[in-house]
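Observations on the model geometry
Here is what each chain is made of, one letter per residue.
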Amino acid sequence: MAFKIGPINLNAIAQGVGGLAFGSGDHGSEDDDSGVERLLDRISNGVLADDRRAAVAELQAVVAESGSAQLAFGAMGFPVLMSVLKEERDDVEMVRGALETLVNALTPIESTPGVYNEVQPASLNSELLSREAESISLLLSLLTEDDFYMRYYTLQLLTALISNCRTRLQEAILATPRGLTRLMDMLMDREVIRNEALLLLTFLTRDAEEIQKIVVFEGAFEKIFNIIKEEGGSEGGIVVQDCLELLNNLLRNNPTNQILLRETIGLQSVVSLIKLRKGIADGFTQQKTVNLLGALETVALLLAGSSDVEPTKDANRIANQTVFSQNKLLDHLLMLSVESRWAAIVVRCAALRCIGDLILGHAQNRDALGSRLLGDDPDVEPALNSILRIFLRTSSLQECFAAEFVFKCFCEGNPDGQMMLASTITPLPQSSLRGGKIMEDANRVSFGSILVQALISSEGQNDLEASCRAASILSHILKDNVQCKERVLRIQLEVPVSALSTPELLMPRIVKYLAVASPISHKQETHDHTISNKKSVWPQPVLLRLLVTWLADCPDAVNCFLESPAHLTYMIELVLSHSSAESVHVAGLAAVLLGECIVFNKATKDNRDAFMVVDAISQRIGLTAYFHIWEEMQNSPLFISAASASRLPKPLTRSTAAEAVGVSDVQDGEEQFETDKSRTSPVDPFLTSFYDAAFVNFIRHLEPLVREKIVELFSRPKSKVTIIPASLEQKSGESDSEYIIRLKSFMEKQCHEMQELLGRNAALADDLAKTKGDSNSFIKGHNSAMQGTANGITSRLEADNLRQELQETRNRIETLKAEKRNCEDEISTYKQLAGKYEADLKSLSDAYNSLEQTNYHLELEVKRARGGNESILPDLEAVREEGRQEAQKESEAELNDLLVCLGQEQSKVEKLCSRLTELGEDVDALLENIGDEGEVQGEDEEED
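Computed from a prediction, not measured in an experiment: that's the story for all the values here. Numbering of residues begins from 1 in every chain and follows the order in which that chain's sequence is written. At least 70 in pLDDT is required for a residue's local features to be given in this predicted model, at least 80 for side-chain atom pairs to be given and counted, and no such filter applies to totals for whole chains, interfaces and linings, which use all residues. The side-chain figures draw on all heavy atoms in the structure; neither hydrogens nor water molecules are used.

Moving on: the overall build of the protein chain. Looking only at helices and strands, one finds 45 helices and 2 strands in the protein chain. With 944 residues in all, the protein chain has 44% of them scored as buried. For this analysis, residues touch if any pair of their heavy atoms sits within 4.5 Å. In the protein chain, the proportion of contacts linking residues at least 24 apart, taken out of those at least 6 apart, comes to 73%. For the accessible areas, the method is Shrake-Rupley and the probe is 1.4 Å, while residue cover comes only from the protein chains on display. Total accessible area on the protein chain stands at roughly 48,700 Å², and carbon and sulfur atoms take up 52% of it. Counting from the N terminus, the helices are the DSSP runs of H or I reaching at least four residues and the strands are the DSSP runs of E reaching at least two. The rule is simple: take the accessible area with a 1.4 Å probe, protein chains only, and divide by the maximum for that residue type; under 20% is buried, over 50% is exposed, in between is partly exposed.

Here's what the structure looks like:
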């Protein structure tokens, strides 16, 4: 032990510490300091055991009642009492008193109102005690004692210690051999000790992966579910709540423990915790509500998966979804969230979110939800229809968000499901419109009919909010599904009364509601109307999100949106009218919508093409202001936090449970929710859950595409097809001179207009480059290149065009030079071949001459022989004739071959000459050089 026992004379130290915390003029503090010192002296130096026990009892009472006594005890008392715990374990009463005194020293005392102390004695004492690792080891060893109160007070002391110094205590317990094993053994002890050990483990396992692994290895899952079963499951008391908190600590961000739970205990034990009996409407006590919240948090943790893996690729998460489906979890969740309307709002919301997690990325579970029917005959209704009704009718924003989350998870990555829902959207008959309410016959109404009825109901503010909620569902149906977008684009809202009536489509109605939802149009004069107007801020972002989702990667939707010039005008007004925290998001989303009209615009008509949109933005808003609004939205805290939002639910502890249930006790949870949010943020509470990671990433990737498209529109011609107006053709009776003068005036007018457009485009490009340069995210290297006037910019653009043409000319020249070098190499090769063939021809000629000379000599010999022997002359003549014929045949064959080769070479030379003529070379000069070179070579050979 690090504590040393000796004469206790620390009055000066105690007075110094007490004076620091409570003031030197407090005589009561001085009395407490001196009293604590005397009692510690009696405990450490006393002779009689009874006197020492009495001193411990007195010290216990003093420390429990006085903060100054706690502080004085922290300065002097720990060595004394730790010595008692170590050396005097046989004296059970003494050890009990020492432990209880330590517990009192670490328990905060309520301070007097109006008095604020810089030093909290309980926290300071916890810090002092936790610094000694041997002290923690000594306390853990007391858990093996047989005395009930020694174990009980030891657990209380460790719990008080971990409340103030959790990290240090966790490290000390990990460093103690069999420390966690002793704590786990306490779960099998008597009920009181078991409950204290359970509470201690809930603190100990928070954010401690190593401790979680050891606790699970010691059989925590079996012990937890055994305790829950003994306590009555979800009907039990606070012990069940502590068990569920411990279970959730072990499962949070720990896939290994989740796999171990699934493969050992099984997930049916978790499902049984949320199983309800039908017909129980008055059994939801506050404690049962908290227990159900804890069980639903367990389900959510098992379905959340790992944060660094996509939900659709997380094998552990998919396995949990499959096992839950096999154990009929969906039925119990639907019972809690939809069928049991007597459950607390917070329970229904948690159940709905678990349904969303259960079906996200799991085709089998999605299909099960899509085909599930709820209710009893004859009032049977599809589950999706029931959830949609809850979403449209609930007065609680929490339940509204949770129901929307179900549809978001159902539609994400599910094109077949989106098309199935979109196929139910059909025009409504006029009779249903006159009713003004959603039809109540659940057997006859479809999902799309409920949705369309809510969309086109615009009577009063409440109907407008219902329309906006329906628009939010529609945005999930259309997300990343071009077929659904095009299908819904053609759907008429109402069945035409007659063939002459013009059908109204959905998109113009959405824009109309967007204008109606403007806070400016909802200013009310009465007090009641002013209060209800607070709820009218969020419909505009919802409707804009629907339009943004609809127009994304859908040229037909962009074309439909731009059919009415008023739509573009109103979007520009929304961008210009931002003045508050909420309107920043409205203006930003309107800017995003305008950007989509530029990027995804494939129209060729002048009044709908992308250039027209850019021109309107530049004239009414200005490119600098336009992108500034875009970036202002992206820099907002809500936008930034959405990209890194966690899928895990907030931990439910003893301190947060009361708050959660308190909100659920309010019948209209929206008022409490808005009140809580208004304390921390001036932004409308709906916007806090408006953005998600996918929507944020889409907007961030869209901005550079918009900038590139604008630069492309400014730097390239509007149309690549040249169309000659019919008015330029020569008129009948018009002379050629008049026709030429008219053409000349038309060309001058066109040139003047082109110059104006070039200057205007240059100024706009300069504006765009400056905007991007200010945000450090536009084309690099051009921040300082566009700072002059429009004329200067035009000159620079012309210079750039000339430089580009010059570069192209240089590249062409380099290409021609390379071709010329290739041609010269070919000419050199052909020269060599021609020289070779000439040499061969010369050798053949020499051979022929040699044959002629031989023939001549033979003829002379024949003539001489005639004079000597006439009888042999006929034979010689025949021989001579035969030799001449053979020589002639050989020479003719060789000459024919040579002529063929020369003909081929002559054709190649002619082609090369024509190619050199095209390249601008003088062929005659080259041939003269070749002839000169041949003569020089012949002279050299003669000299040799």
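Resuming the write-up.
A few words on the pattern of salt bridges. Each reported salt bridge corresponds to a side-chain nitrogen of Lys or Arg within 4 Å of a carboxyl oxygen of Asp or Glu. Within the structure shown, the criterion is met by 26 salt bridges. The partner of Glu 88 in a salt bridge is Arg 52, with the nearest N and O atoms 2.5 Å apart. A residue pair is termed long-range when its members are at least 10 positions apart, and Glu 88 in the loop between helix H5 (78-87) and helix H6 (92-105) and Arg 52 in helix H3 (residues 49-65) qualify at 36 residues. Judged by its relative accessible area of 14%, Arg 52 falls in the buried class. The closest approach of N and O atoms between Asp 91 and Arg 53, which form a salt bridge, is 3.2 Å. Of the two residues, Asp 91 sits in the loop between H5 and H6 while Arg 53 sits in helix H3, which places them 38 residues apart along the sequence. Taken together, the salt bridges that share partners define one network made up of Asp 50, Arg 53, Asp 91 and Glu 93.

Before going further, it helps to examine the packing of helix H20 (residues 329-339) against helix H21 (residues 345-359). Describing two packed helices takes the angle between their axes plus the distance from one axis to the other. Fitting a line to C-alpha atoms yields each axis, with helices limited to the stretch in contact; the angle taken between N-to-C directions then spans 0 to 180 degrees. Orientation of H20 relative to H21, taken along the N-to-C sense of each, is 150°, at an axis distance of 8 Å. Viewed along their axes, H20 and H21 adopt a mutual orientation that is roughly antiparallel. The interaxial crossing formed by H20 with H21 has left-handed handedness. Note on element contacts: H21 touches H20 through Val 347, Arg 348, Ala 351, Leu 352, Cys 354, Ile 355 and Leu 358, opposite Leu 329, Leu 330, Leu 333, Leu 334, Leu 336 and Ser 337. If an angle is under 35 degrees, it is roughly parallel; if it is over 145, roughly antiparallel; if it lies from 65 to 115, roughly perpendicular; otherwise it is oblique. Crossings are assigned a handedness: left-handed for a near helix turned anticlockwise from the far helix by less than a right angle, right-handed for a clockwise turn.

In this section: the packing of helix H9 (residues 148-164) against helix H12 (residues 191-204). In the contact formed by H9 and H12, the axes pass within 9 Å of each other and the chain directions differ by 20°. Our classification of the angle between H9 and H12 gives roughly parallel. Crossing handedness for the pair H9 and H12: left-handed. Across from Phe 148, Arg 151, Tyr 152, Leu 155, Gln 156, Leu 158, Thr 159 and Ile 162 in H9, the residues of H12 making contact are Val 192, Ile 193, Glu 196, Ala 197, Leu 199, Leu 200, Phe 203 and Leu 204.

Here we come to H6. By this rule, a helix spans an expected 1.5 Å times one less than how many residues it contains. Under the 1.5 Å per step criterion, the end-to-end length of H6 is 20 Å for 14 residues, consistent within 8% with the ideal 20 Å. Burial analysis of H6 places 10 of its 14 residues in the buried class, which makes it a mostly covered element. Buried-residue contacts for H6 involve H3, helix H4 (67-76), H5, helix H7 (121-130), helix H8 (133-141) and H9.

Our focus in this paragraph is the side chain of Arg 469. Within the element layout of this structure, Arg 469 appears in helix H28 (residues 460-478). For the charge count, each Lys or Arg is scored as positive and each Asp or Glu as negative, with His and the chain ends excluded. Salt bridges are absent for the buried Arg 469, whose nearest opposite-charge side chain, Glu 465, sits at 4.9 Å.

So, on to helix H24 (residues 397-411). Under the 1.5 Å per step criterion, the end-to-end length of H24 is 21 Å for 15 residues, consistent within 8% with the ideal 21 Å. Most of H24 is tucked away, with 14 of its 15 residues classed as buried. Within 3.5 Å is the distance limit for a polar contact, defined as a pair of N or O atoms, with the added protein rule that one can donate a hydrogen and the other accept it, and that residues adjacent in sequence qualify only through two side-chain atoms. Among the residues of H24, the N-terminal cap falls to Ser 396, whose side-chain oxygen and the backbone nitrogen of Gln 398 are separated by 3.4 Å. Phi turns positive one or two residues past the end of H24, at Gly 413, with a value near 65°.

Trans peptide bonds make up most of the peptide bonds, and negative phi angles are found at most residues other than glycine. Despite not being glycine, Asp 207 shows a phi value in the positive range, around 55°. Inspection of the secondary structure puts Asp 207 in the loop between H12 and helix H13 (209-217). According to the relative accessible area criterion, Asp 207 is exposed, its value standing at 70%. For Lys 328, which is not glycine, the phi torsion reads 60° and is therefore positive. Mapped onto the secondary structure, Lys 328 falls in the loop between helix H19 (315-326) and H20.

Time to look at the environment of Ala 315. By the element assignment, Ala 315 lies in helix H19. Given a relative accessible area of 60%, Ala 315 falls into the exposed group. For Ala 315 and Gly 305, which are 10 residues apart along the polypeptide, the C-alpha to C-alpha distance reads 8.7 Å.

Quick look at the side chain of Ser 386 now. Position of Ser 386 relative to the elements: it lies in helix H23 (residues 383-393). When near neighbours in sequence (up to four residues on either side) are disregarded, Ser 386 contacts Val 338, Leu 374 and Glu 381.

Once that is clear, we can look at a negative patch on the surface. Residues Glu 882, Glu 886, Glu 890, Glu 894 and Asp 897 make up a contiguous surface patch of negative charge. Locating Glu 882 in the fold gives a position in helix H44 (residues 873-918). When its relative accessible area of 47% is taken as the criterion, Glu 882 is described as partly exposed. Exposure above 30% relative accessible area and the absence of a salt bridge qualify a residue for a patch, where like charges join within 9 Å and nonpolar side chains (Val, Leu, Ile, Met, Phe, Trp, Tyr) within 5 Å. Here the site of a charge means NZ on Lys, CZ on Arg, CG on Asp, or CD on Glu.

Right, let's talk about the packing of aromatic side chains for a bit. Planes of paired rings set the category: under 30 degrees apart is stacked, over 60 is edge-to-face and the rest tilted, where pairs are Phe, Tyr or Trp rings (Trp by its six-membered ring) whose centres lie within 6.5 Å. Under the counting rule described, the total for this entry stands at 11 aromatic pairs. Consider the rings of Phe 148 and Tyr 152, whose centres lie 6.1 Å apart with planes at 5°: the pair is stacked. You can see Phe 148 and its partner Tyr 152 sitting in helix H9, 4 residues apart, about one turn around the helix. Like Phe 148, the residue Tyr 152 is buried in the burial classification. Both rings, one in Phe 407 and one in Phe 447, keep their centres 5.6 Å apart while their planes meet at 50°; by these two values the pair is tilted. Here Phe 407 is found in helix H24, whereas its partner Phe 447 is found in helix H27 (residues 447-455), with 40 residues between them in sequence. Comparing Phe 407 with Phe 447 shows no difference in burial state: the two are buried.

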